[in-house]
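This is what each chain is made of:
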Amino acid sequence: MDKNTQLASNLQSIVIWGSALGGAVLAATLQAYRLPSSFEFSGYTMAASAVGGVVFWAYWKLFFVKRQFRGFKLLQFLFTVVLIGAGLAGVLYPLRFVSREQLPQLFIGLSTAVFALSGVGLLLRGCKLMFEEDERNNAVGSVGETD
C-alpha cells in the first residue's frame, strides 16, 4: 500500500469514527436534556447514544464506498438531507421554549453564528483550493526532475 493510499485510509477512519462519536454524544445529549436546563440520564440515553453513533458511522461508510449502482448518488443525497434536517431539528427544537421577548436577541446570535461558520467554511475552501493548486504545480514541476 503506497503512502497516499494509507494516508487516505487513515483520514477516512478519523472522519468515520470522529463523526460517530460526535453523533453519539449529540443524540445522548438531546435525549437527556430536560427543562429547565438539566439532564436526566437513563437507559434511553444509552440507546440514543448507540443509535446516533451508528447513524453517523453508516453515513460515512456509505459516503466513502466506491460503488456505482443505480440510485447510489440519490441514496447518498437523501441520507445527507435527512442528517441535515435532523441537525436543524436538534438546534431549532429547543427554541420552542424561548419566550417571545428573547427571540430578537436569539436571532441576532444565530445570524452571527451562521455568518461566522460560513466564513470559516469559505476559508477552509480557499485552503483546499490553494493546496490543490500547489499539488498540481508540484506534479508538473517534478515530471522532468531526477534525484
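Our structure's up above, just so we're on the same page.
Thresholds applied
Residues numbered from 1 in each chain as written. Predicted model: local features only at pLDDT ≥ 70, side-chain atom pairs only at ≥ 80, totals over all residues. Heavy atoms only, no water. Helix = DSSP H or I, 4+ residues; strand = E, 2+ residues; numbered from the N terminus. Rg over C-alpha atoms; globule rule 2.2 N^0.38 Å. Buried < 20%, exposed > 50% of the residue type's maximum accessible area, 1.4 Å probe, protein only. Contact = heavy atoms within 4.5 Å. Salt bridge = Lys/Arg side-chain N within 4 Å of Asp/Glu carboxyl O. Phe/Tyr/Trp six-rings, centres within 6.5 Å; stacked < 30°, edge-to-face > 60°.

1. Looking at the overall build of the protein chain
Counting secondary structure elements, the protein chain contains four helices and two strands. Counted from the first residue to the last, the protein chain has its helices and strands arranged as α-β-β-α-α-α. For 147 residues, the compact-globule estimate of 2.2 N^0.38 gives 15 Å, and the protein chain exceeds it by more than 25% at 21 Å. Per-residue burial for the protein chain yields a buried fraction of 12% across its 147 residues. Put simply, 47% of the contacts in the protein chain that link residues at least 6 apart link residues at least 24 apart.

2. Some thoughts on the pattern of salt bridges
Under the counting rule described, the total for this entry stands at one salt bridge. Here Lys128 and Glu132 are joined by a salt bridge, their closest N and O atoms 2.8 Å apart. Here Lys128 and its partner Glu132 are both found in helix H4 (residues 103-141), four residues apart, which amounts to about one turn of the helix. Taking relative accessible area as the criterion, Lys128 reaches 43% and is therefore assigned partly exposed.

3. As for the packing of aromatic side chains
Within the structure shown, the criterion is met by four aromatic pairs. Taking 5.1 Å as the distance between ring centres and 75 degrees as the angle between the ring planes, the aromatic pair formed by Tyr59 and Trp60 counts as edge-to-face. For Tyr59, a relative accessible area of 10% gives the class buried. Ring centres of Tyr59 and Phe79 lie 5.4 Å apart, and the angle between their planes is 90 degrees; on these two criteria the pair is classed as edge-to-face.

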